[in-house]
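Here is what each chain is made of, one letter per residue.
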Amino acid sequence: INTLLTDASNNIYGVGYTNAINGSVVGQSWLVKFDAKGKNLFNTKLDGTEMLDMALYNDGKMLLVGYQQDSILTPMIVKVNAQGRKLWTRTYAQGNKISSVALNGDVCNLAVGNWIFALDDLGYLKYDYIFDTTYNITTVTANSGLAVYAGTAPKVL
């Protein structure tokens, strides 16, 4: 499990990868949900190799971010409903992993290496910016219409 979140009912959500579910391949993306007492509510394999972060919508839907590993890394986003069933999956040509996601009203802000971008609720691009490859953006937080990205950048002399 790479990320754990709780909702207003104290349900616990986790994303990462698994090799433990029947029929899963090595490094299968995974989502799990427990109730407040630790009872397993669902255990779901997802598209992709690994999920690194997640965000919860007020209606119980979830946005999960990570990557697919083939011959290259392909950034991946999966949106699921409150029961963990896939609504849609998006992949992107910009290589690397989506490391962080933050919801900000109807906008989802994301960080992928030297690329930052935002999607609307249906997964369509609202904006994006690509830094030179010496930047590595690893996390994003958002509130009141403002997104803040952080990571590493080249030393300025």
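Residues numbered from 1 in each chain as written. Predicted model: local features only at pLDDT ≥ 70, side-chain atom pairs only at ≥ 80, totals over all residues. Heavy atoms only, no water.

1. Details of the overall build of the chain
Piece 1. When helices and strands are counted, the chain shows 0 helices and 14 strands.
Piece 2. Starting at the N terminus, the α and β elements of the chain follow one another as β-β-β-β-β-β-β-β-β-β-β-β-β-β.
Piece 3. Its C-alpha atoms give the chain a radius of gyration of 16 Å, near enough to 15 Å, the size a compact globule of 157 residues would have.
Piece 4. Along the three orthogonal principal directions, the C-alpha set of the chain runs to about 55 × 40 × 30 Å.
Piece 5. A buried classification covers 44% of the 157 residues belonging to the chain.
Piece 6. Accessible surface, the chain as shown: approximately 8500 Å² in total, 51% of it carbon and sulfur.
Piece 7. Of the side chains in the chain, 12 bear a positive and 12 a negative charge, and the two mean positions are spaced by 7 Å. (Helix = DSSP H or I, 4+ residues; strand = E, 2+ residues; numbered from the N terminus. Rg over C-alpha atoms; globule rule 2.2 N^0.38 Å. Buried < 20%, exposed > 50% of the residue type's maximum accessible area, 1.4 Å probe, protein only. Areas by Shrake-Rupley, 256 points an atom, 1.4 Å probe, with all protein chains shown as cover. Lys, Arg positive; Asp, Glu negative; His and termini not counted. Charge placed at Lys NZ, Arg CZ, Asp CG, Glu CD.)

2. Topic: the pairing of strand β13 (residues 136–143)
Piece 1. Direction of pairing for β13 relative to strand β14 (residues 146–152): antiparallel, over a ladder of 7 bridges. Directly across from T139, in β14, lies its bridge partner A150. (Pairing = 2+ DSSP bridges.)

3. Some thoughts on the packing of aromatic side chains
For any two aromatic rings, the description comes down to two numbers: the centre-to-centre distance and the angle of the planes.
Piece 1. This structure, assessed with the given rule, holds 5 aromatic pairs.
Piece 2. Taking 4.7 Å as the distance between ring centres and 75 degrees as the angle between the ring planes, the aromatic pair formed by Y129 and F131 counts as edge-to-face.
Piece 3. Each residue in the set Y92, W115 and F117 is aromatic and connected to the rest through ring pairs, giving one cluster.
Piece 4. Above the ring of Y57, the side-chain terminus of K79 is found at 4.4 Å from the ring centroid.
Piece 5. Between R90 and the ring centre of W88, over which it is positioned, the NZ or CZ distance is 4.2 Å. (Phe/Tyr/Trp six-rings, centres within 6.5 Å; stacked < 30°, edge-to-face > 60°. Lys NZ or Arg CZ within 6 Å of the ring centre and 35° of its normal.)

4. Remarks on unusual backbone geometry
Piece 1. A positive phi is found at N10, a non-glycine position, where the angle reads about 65 degrees.
Piece 2. Mapped onto the elements, N10 comes out in the loop between β1 (3–6) and β2 (12–18).
Piece 3. On the basis of relative accessible area, N10 is assigned to the partly exposed category, the value being 48%.

5. Describing the sheet that holds strand β3 (residues 28–34)
Piece 1. Here we have 4 strands laid out as an open sheet, ordered β1-β2-β3-β4, and antiparallel in their pairing. A single partner strand is all that each edge strand has here, and the edge strands are β1 and β4 (40–45). Along the sheet, successive strands turn relative to each other by an average axial angle of 15 degrees, direction set aside.
Piece 2. Examined bridge by bridge, β1 and β2 share 4 bridges and lie antiparallel to one another. Paired with T6 across the strands is I12, a residue of β2. (Axes fitted to C-alpha atoms, helices over the stretch in contact; angles between N-to-C directions.)

6. Points about the sheet that holds strand β12 (residues 125–130)
Piece 1. Pairing in this open sheet of 4 strands is antiparallel, and the strands run β9-β10-β11-β12 from one edge to the other. Only two strands of the sheet have a single partner each, and these edge strands are β9 (100–104) and β12. In this sheet, adjacent strand axes meet at a mean angle of 15 degrees when their direction is disregarded.
Piece 2. With 5 bridges connecting them, strand β10 (residues 107–112) and strand β11 (residues 115–119) associate as antiparallel partners. What sits directly across from L110, in β11, is F117.

7. Focus: the environment of G48
Piece 1. Within the secondary structure, G48 is located in the loop between β4 and β5 (50–56).
Piece 2. A residue is classified by how much of its surface remains accessible, and G48, at 12% relative accessible area, is buried.
Piece 3. Apart from residues lying up to four places away in sequence, G48 is in contact with G27, Q28, S29, Y67, Q68 and M76. (Contact = heavy atoms within 4.5 Å.)

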